[in-house]
Amino acid sequence: MKFKQEDLLKIDYSPPKKDWMDPKVEFKKGTFCYGAVPETQKYLDLPYSKEKLQPQAEDWDLPDNWKEIVIEGIRTRLKKFRSLQIFMDICVRCGACADKCHYFIGSGDPKNMPVLRAELLRSIYRGEFTLAGKLLGRFTGGRKLTKEVIKEWFYYFFQCTECRRCSVFCPYGIDTAEVTMIAREILADLGLGIEWIMTPASNCFRTGNHLGIQPHGVVDSIEFAVDELEEITGIRVDATFNRKGAEVLFVAPSADYFASPHYYTLLGYLALFHEIGLDYTWSTFASEGGNFGLFHSHEMIKRLNAKIYMEAERLGVKWILGGECGHMWRVLHQYMDTMNGPADFLEVPKSPITGTVFENAKSTKMVHITEFTSDLIHHNKLNLDKRRNDHWRTTFHDSCNPARAMGLFEEPRYVIKNVCNNFFEMPENTIREQTFCCGSGAGLGTDENMEMRLRGGLPRANAVKYVHEKKDANILLCICAIDKATLPPLMEFWVPGMEVGGIHEMVGNALVMKGEIPRTADLRGEPLPYMEEAVAEEPGANGDTPAEKEVTDHV
């Protein structure tokens, strides 16, 4: 599907003529995700339809008792989650969140205002569970539950990336992302899910990672990276798998093994761990840090995340180190200890290099890679040459989950500033806790949803465009696997010429390893400009002296 900037910028913010309580929606091509295939749902022991859900179809294959399922689903979760009951009752529709959602900004659809999106569920709660709603109906904001409401839920709750930006501005602290999560859980009770969530979840349940890669495939991919790193640096690093007794279990998103630009981050991990002599192991069972259960249900979060603690216990490691991934860290930081813990068999993480005890990880026993690396840099444990990144003019995208959900604001910036000479911040109201979403998180980064992805990513792209034009920034760094997958097409469309990369790619570029061969290129194979200039300026650079010697002298 072809899109033009001028077409997507024609955004109408005027209120629609029809009443917001009218649930009928148009499943326009490019604005919704395909339904999950029944085989995937069945594999996960979930309710499933006889046929694959076609959202644009007139009739959906809902269970005969679909209404009872939904009502009971709401009732059960009102009892289970006190926050849901509060969120249903306290919203005063002040509208403070209305213009904070990237999907509303990019689409102009009022049902993408967080307040109104939550109202799609809240109105059914009022109509079915409150006396006023039962007696006075629409007058008190209550609606009746119909099949059209279910379609409306599917359409709009899968146009929420659960980024939680709206909650930053809510004076009552309502977390619309949690409302979205509950609504998706109830849809799951009916067997309604989307393919881009359910297939990665089933793959992870079966083989340990979203891509469904078998253990030998994981090993082959990382060993390929070991080979490539040797070609770049001349150093053979040691990547071990499923090794019992290692001090640290390292868990990364599986995209780091196979996808681009994630792969360059993997090269950075390997170089860093070798250089500091970290006693660590990979696991081919816990070969995925990401958790698509976050986009489906609390129970699925628990099921998929369990493998990390299980493997840490089986291997007998002391603590866990996690790589660059966004939703991985919301799960680990906010859910893992209560869902899968306590991990009493592990120790409070302590860096074997600096001696720093990560008290903030006392409960989960798992440390974020940027916390670990920033601590190494702070204690001068790394030999870094920032000039090796001078061809990159960097800016940083605060990935929603590590930023808003975890408070990881300064550690990534500290690392970047110590490995790069050129760093530029985007406008203040688009970063840190107010960061804009990539527009494709929460399992919505699929091609059939491309129009909404581009619309939802418009606010982030505008902020990137600012530093691209004002500061000549040419790479957008982030610490999220989903961002690394979804930001490149967003940049290609809205900000051509802007690359996307990971922080530990920059670390790998700047890291001067003991015994390395002359480095003339970065981890992407891009030539290092200052090296070329140094060679050209040296006596004998035209051939009297081997170029390798001159480059070595400057390293």
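Residues numbered from 1 in each chain as written. Predicted model: local features only at pLDDT ≥ 70, side-chain atom pairs only at ≥ 80, totals over all residues. Heavy atoms only, no water.

**Q** Account for the pairing of strand β7 (residues 499-502), naming residues and giving values.
**A** A regular strand places its side chains so that they alternate between the two faces of the sheet. Inspection of the sheet shows strand β6 (residues 475-478) paired to β7 by 4 bridges, in the parallel sense. Within β7, the position partnered with Ile475 by the bridge is Glu499. Chirality of the crossover, the property in question, places the unit of β6, helix α23 (residues 481-494) and β7 among those that are right-handed. (Pairing = 2+ DSSP bridges. Helix = DSSP H or I, 4+ residues; strand = E, 2+ residues; numbered from the N terminus. Right-handed = clockwise from strand over helix to strand, strands pointing away.)

**Q** Can you lay out the packing of helix α18 (residues 369-378) against helix α20 (residues 410-419) for me, pointing to particular residues and giving the numbers?
**A** Where α18 contacts α20, the two axes come as close as 9 Å, and the packing angle between them is 45 degrees. The angle between the axes of α18 and α20 places the two elements in the oblique class. Our pair here, α18 against α20, has a crossing hand that is left-handed. Together, Thr370, Glu371, Thr373, Ser374, Ile377 and His378 of α18 and Glu411, Pro412, Tyr414, Val415 and Asn418 of α20 make up the contact between the two elements. (Axes fitted to C-alpha atoms, helices over the stretch in contact; angles between N-to-C directions. Parallel < 35°, antiparallel > 145°, perpendicular 65-115°, else oblique. Left-handed = near helix turned anticlockwise from the far one by under 90°. Contact = heavy atoms within 4.5 Å.)

**Q** I'd like to hear about a nonpolar patch on the surface, residue by residue, with values.
**A** A contiguous nonpolar patch, built from Leu131, Leu135, Leu136 and Phe139 and spanning about 530 Å² of accessible area, is present on the exposed surface. Inspection of the secondary structure puts Phe139 in the loop between α7 (131-136) and α8 (147-157). A relative accessible area of 73% means that Phe139 is categorised as exposed. (Patch = residues over 30% accessible without salt bridge, like charges linked within 9 Å, V, L, I, M, F, W, Y side chains within 5 Å. Areas by Shrake-Rupley, 256 points an atom, 1.4 Å probe, with all protein chains shown as cover. Salt bridge = Lys/Arg side-chain N within 4 Å of Asp/Glu carboxyl O. Buried < 20%, exposed > 50% of the residue type's maximum accessible area, 1.4 Å probe, protein only.)

**Q** Which residues make up the sheet that holds strand β5 (residues 394-396), and what are the values?
**A** Spatial ordering of the open sheet is given by β5-β6-β7, a layout of 3 strands whose pairing is parallel. One side of each edge strand has no neighbouring strand; the edge strands of this open sheet are β5 and β7. Geometrically, the sheet is characterised by an average inter-axis angle of 35 degrees between neighbouring strands, direction not taken into account.

**Q** Run through the sheet that holds strand β4 (residues 366-368), naming residues and quoting values.
**A** Strand pairs in the sheet, formed through backbone hydrogen bonds, run parallel or antiparallel to each other. The parallel open sheet is built from 4 strands, whose spatial order is β2-β1-β3-β4. Only two strands of the sheet have a single partner each, and these edge strands are β2 (280-281) and β4. Where strand β1 (residues 248-251) lies against β2, 2 bridges are found, and the strand directions are parallel. The partner of Leu249 across the bridge, within β2, is Thr281. On top of the sheet, helix α15 (residues 298-315) reaches β1, β2, β3 (319-322) and β4; it is set at about 150 degrees to β1, its chief contact.

**Q** Could you give an account of helix α14 (residues 262-276), with specific residues and numbers?
**A** In a regular helix each residue adds 1.5 Å, so 15 residues correspond to 21 Å; α14 covers 22 Å between its end C-alpha atoms and thus fits that length. Among the 15 residues of α14, 14 are classified as buried, and the element is accordingly described as predominantly covered. Two residues or fewer after α14 comes Gly277, characterised by a positive phi angle close to 70 degrees. (Expected span 1.5 Å × (residues − 1).)

**Q** Help me get a handle on the packing of aromatic side chains, residues and values and all.
**A** Evaluated as defined, the whole model comprises 25 aromatic pairs. Ring geometry for Tyr155 and Tyr156: centres 4.9 Å apart, planes at 90 degrees, overall edge-to-face. When sorted by exposure, Tyr155 lands in the same class as Tyr156, which is buried. Ring centres of Tyr269 and Phe273 lie 6.3 Å apart, and the angle between their planes is 5 degrees; on these two criteria the pair is classed as stacked. (Phe/Tyr/Trp six-rings, centres within 6.5 Å; stacked < 30°, edge-to-face > 60°.)

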